[in-house]
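Examination of the molecular architecture
Spelled out, the chains give:
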Amino acid sequence: MNTLAAVMQLLVAAAFVSIPLVRHRYGPAAKAAAQAELRRQNVRPEVLDENKLRFDAGGHETAAPATVAAVMITTAVLNLAGHGLAQPLTWIFSSLVLLLNAGIVYSNLTAVKSVQAAFRRKGDPELARVQVAPFLKAAENAFPSWVRAQTYIRNTTVFAGSAIALIAVSVG
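Treat the numbers as computed from the prediction; the structure is a model and nothing was measured.

**Focus: unusual backbone geometry**
- In this structure, Asn42 is a non-glycine residue whose phi angle is positive, near 60 degrees.
- As for its placement among the helices and strands, Asn42 is situated in the loop between helix H1 (2–40) and helix H2 (46–50).
- Since its relative accessible area comes to 64%, Asn42 is described here as exposed.
- Although it is not a glycine, Lys52 adopts a positive phi angle of roughly 55 degrees.
- As for its placement among the helices and strands, Lys52 is situated in the loop between H2 and helix H3 (60–81).

Laid out in structure tokens, this is it:
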């Protein structure tokens, strides 16, 4: 069963690596679309850079998923080796990944409200004028249509893979 857990952890790692890969490839187009929407709203597009708002794979958009992937790969290797730490680390990290992914899904579902609140907290009057829903929709539409399906597949892989890994190390 440790092999099954390891395979699931490797799939979870791949799912997390896909996040910065997609953002790296299509983030510049999303930024351009968001800037065009800001112009349509009579908001200077430079406000994005001035407030460090990004659509690419920079900063935490790469570091966080890469860290999760590295932890999952390490735990998978321990499972394949039959190491004594594999079971407790699988319990810890697969549980954390389940919670983390639930947070990501919640964040995606509440993106408009979250971004509106973040813009208000920034205290920038120009950001406060942004109509967030069309701004985010413009950025989202710059990604290819298959990205939505990839997001569903990624989330399913992360939830199911983590749960299966937890079960596998519990019965194995």
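**Focus on the packing of aromatic side chains**
- For the structure shown, the criterion picks out four aromatic pairs.
- Measuring from ring centre to ring centre gives 5.9 Å for Tyr26 and Trp146, while their planes differ by 75 degrees; the resulting arrangement is edge-to-face. Linking Tyr26 in helix H1 with Trp146 in helix H8 (residues 146–171), this pair joins segments that are 120 residues apart in sequence.
- Taking relative accessible area as the criterion, Tyr26 reaches 19% and is therefore assigned buried.

**Remarks on the pattern of salt bridges**
- A full pass over the atoms with the stated rule returns nine salt bridges.
- We note a salt bridge from Arg54 to Asp56, for which the minimum N-O separation is 2.8 Å.
- Residues Arg148 and Glu140 are paired through a salt bridge, measuring 2.3 Å at the closest nitrogen-oxygen approach.
- A relative accessible area of 44% places Arg148 in the partly exposed class.
- Under the relative-accessibility criterion, Glu140 is labelled partly exposed at 35%.
- Among the ionic contacts, a cluster of salt bridges with common partners joins Arg44, Glu46, Glu50 and Glu126.

**Considering the side chain of Asn79**
- As for its placement among the helices and strands, Asn79 is situated in helix H3.
- Given a relative accessible area of 2%, Asn79 falls into the buried group.
- Not counting residues within four places of it along the chain, the set of residues in contact with Asn79 comprises Asn2, Ala5, Ala6, Gln9, Ala86, Thr90 and Val169.

Rules used throughout
Residues numbered from 1 in each chain as written. Predicted model: local features only at pLDDT ≥ 70, side-chain atom pairs only at ≥ 80, totals over all residues. Heavy atoms only, no water. Helix = DSSP H or I, 4+ residues; strand = E, 2+ residues; numbered from the N terminus. Buried < 20%, exposed > 50% of the residue type's maximum accessible area, 1.4 Å probe, protein only. Phe/Tyr/Trp six-rings, centres within 6.5 Å; stacked < 30°, edge-to-face > 60°. Salt bridge = Lys/Arg side-chain N within 4 Å of Asp/Glu carboxyl O. Contact = heavy atoms within 4.5 Å.

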